[in-house]
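# Close look at the chain arrangement
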Amino acid sequence: MKELAQTDPACITEDMRMFRVQLRRFIADEVLPYADAWEIDGRIPHTIFRRLGELGMLGMRHPIEYGGTDMGPVASVLFAEELGRCGYGGLPASVLVHTDMAAPHISRRGTEAQKRKYLPEIIRGEKIVAIAVTEPGAGSDVAGLRTRAVRDGDYYVINGSKIYITNGVYGDIYIIAARTDPHAKGSRGISLFIVEKGTPGLVVARKLEKHGIWSSDTAELFLEDLRVPVANLLGEEHKGFYAIMSNFQNERLVMAGMSLGASLKAIELTLEHVRTRQAFGATLWDLQATRQRLAMLATKVYAARALTYEAAALDAQGIDCVLEISMATIWDCEVHVEVVHACLQLHGVSAFMRGTAIERMARDSRVHTIGGGATEVMLEEVAKRL
Ligand SMILES: Cc1cc2nc3c(=O)[nH]c(=O)nc-3n(C[C@H](O)[C@H](O)[C@H](O)COP(=O)(O)OP(=O)(O)OC[C@H]3O[C@@H](n4cnc5c(N)ncnc54)[C@H](O)[C@@H]3O)c2cc1C
């Protein structure tokens, strides 16, 4: 299949290109033959994380001294784009929560002891990480969370619940947000904790059934008198909200990247389909409406690619780019939903059938404008900076 977007933005280095070649080979040989089975199982096997670890692909956001590669945001976007391009949304969801959404909290805010204890096995893919912020009463508005952590000697005792937690069923390490100061209003008085699987009181209440991205597991968690040693407080007490906010840039960049990759894949699949599908004495491609629709979608995706890598390059230089990252995420995620549904239309009813790539991608796409921060929330970020 001819690949769209063959030229690379200037910020992609030779090392990253080599990394991409290796990743594509891994996806072709070790993901695609098994991905349908993972959809049915509702999980990405631990062995896939370990293989990604062996290939050095889980450490881009972590310092070299703990086993990472410290390649930064541009490499993260490239990684997300390629994972997105595999056409199974569950794989990037599960892996990118591990690499870019959860574990960076330990690199950024962890004590030396926490980093030494947790990062090497996370980077090797031996332990999978989840981040548990959302609650039934606190989604977009993180400041509304109610889970409480009360200091009791050398422990905090945590009570509450978490919902929609990726890697929450099969993960090994949970970063949990809880309110440590009940008197502080809103965003103040929240702290983060590192909790290991098997700690009494950490209960996986349900494995949630989703509309799409079936192969990434999603949990509801109950926290019932969960005793966490004080040594597992992650970052400063009461400052967890700021830690969560500051990691949003990583999260959003990879949301943008995986949307971008999946959009490219959908267009590639659709080009192949319309060029062979016969109707009215010619192919669908011979209909001007089809060609122009795809040309417009490809134009939007090329623009998405330019905006996303520009935002990542700014971030890599340490420039404040909340505006650009928010714009890239809004654009890529919204365009992705548009692209996949237009591609479904162009495939006709064949892509309405269960088990076809576009059918799965259409289901998987829907969460992109909600799950990693709703479009409207990011529009507010943009509006504030205009
Ligand atoms: C598959 C999946 C995986 C997830 N993984 C995790 C995870 O690993 N860890 C975790 O903590 N959470 C996770 N989440 C939760 C996710 O972060 C929340 O779904 C998200 O923050 C939105 O919250 P909500 O769904 O409760 O929507 P709500 O906050 O109830 O918002 C509903 C809708 O209201 C609108 N809206 C919200 N705010 C505004 C605003 N300011 N202005 C205008 N309109 C607005 C938007 O259209 C939004 O979609 C996951 C969710 C999904 C679906």
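Each remark here, short or long, concerns the structure printed above.
Residues numbered from 1 in each chain as written. Predicted model: local features only at pLDDT ≥ 70, side-chain atom pairs only at ≥ 80, totals over all residues. Heavy atoms only, no water.

## Some details on the site of the ligand
In the neighbourhood of the ligand, 17 residues make up the surrounding shell, with Ile 131, Thr 134, Ser 140, Tyr 164 and Thr 166 lying closest. In this structure, Ile 131 approaches the ligand through a main-chain N or O atom, which is 2.7 Å from a nitrogen atom. One nitrogen or oxygen atom from the main chain of Tyr 164 is found 2.7 Å from a nitrogen atom belonging to the ligand. Bound to the protein, the ligand loses 62% of the 970 Å² it would expose on its own. Elements represented by at least two residues in the shell around the ligand include exactly strand S1 (129-132), strand S3 (155-166) and helix H12 (375-384). (Near = heavy atom within 4 Å. Polar contact = N/O pair within 3.5 Å; in protein donor to acceptor, adjacent residues only side chain to side chain. Areas by Shrake-Rupley, 256 points an atom, 1.4 Å probe, with all protein chains shown as cover. Helix = DSSP H or I, 4+ residues; strand = E, 2+ residues; numbered from the N terminus.)

## Structural notes on the packing of helix H9 (residues 288-316) against helix H10 (residues 322-347)
Closest axis-to-axis distance for the H9/H10 pair is 9 Å, and the angle between their directions is 155°. Here H10 runs roughly antiparallel to H9, going by the angle between their axes. In this structure, H9 meets H10 at a crossing whose hand is left-handed. Looking at the contact of H9 with H10 residue by residue, the class counts come to 16 nonpolar, two polar and six charged. (Axes fitted to C-alpha atoms, helices over the stretch in contact; angles between N-to-C directions. Parallel < 35°, antiparallel > 145°, perpendicular 65-115°, else oblique. Left-handed = near helix turned anticlockwise from the far one by under 90°. Nonpolar A, V, L, I, M, F, W, Y, C, P; charged D, E, K, R; others polar.)

## Let's talk about the nonpolar core
If you look at the biggest cluster of nonpolar residues, it comprises 96 residues, and the most contacted ones within it are Leu 23, Leu 52, Phe 79, Leu 91 and Ile 267. In terms of residues, this core owes the most to one element, helix H8 (residues 240-276), which gives 16 residues. The residues contacting Leu 23, other than those within four sequence positions of it, are Leu 52, Met 57, Phe 79, Glu 82 and Leu 83. (Core = buried A, V, L, I, M, F, W, Y, C linked by side-chain atoms within 4.5 Å. Buried < 20%, exposed > 50% of the residue type's maximum accessible area, 1.4 Å probe, protein only. Contact = heavy atoms within 4.5 Å.)

## Things to note about the side chain of Asp 100
Considering the arrangement of structural elements, one finds Asp 100 in helix H5 (residues 90-102). For Asp 100, a relative accessible area of 0% corresponds to the buried category. A polar atom in the side chain of Asp 100 sits 2.7 Å from the side chain of Thr 99. Sequence-distant contacts of Asp 100, defined by excluding residues within four places in its chain, comprise Arg 61, Ser 76, Asn 247, Asn 250, Glu 251 and Val 254.

## Let's talk about the side chain of Thr 199
Here Thr 199 lies in the loop between strand S5 (190-196) and strand S6 (202-207). What makes Thr 199 buried here is its relative accessible area of 19%. Those residues within four positions of Thr 199 in sequence are excluded, and the remaining contacts are Leu 226 and Arg 227.

## Focus on helix H11 (residues 357-365)
Burial runs high along H11: eight of the nine residues are buried. Along H11, the residues that are buried comprise Ile 358, Glu 359, Arg 360, Met 361, Ala 362, Arg 363, Asp 364 and Ser 365. Elements in contact with the buried residues of H11: helix H2 (35-41), H5, H8 and H10.

## Thoughts on the environment of Asp 217
Mapped onto the elements of the fold, Asp 217 is located in the loop between S6 and strand S7 (218-229). Of the residues examined, Asp 217 reaches a relative accessible area of 3% and is grouped as buried. As a C-alpha pair, Asp 217 and Ile 158 span 59 residues in sequence and 23 Å in three-dimensional space. Excluding residues within four positions of it along the chain, Asp 217 makes contact with Gly 42, Ser 94, Ile 165, Thr 166, Asn 167, Gly 168, Val 169, Tyr 170, Lys 207 and Lys 210. A polar contact of 2.7 Å, which involves the side chain of Asp 217, links it to the backbone nitrogen of Val 169.

Function cannot be read off these values alone, since they describe shape.
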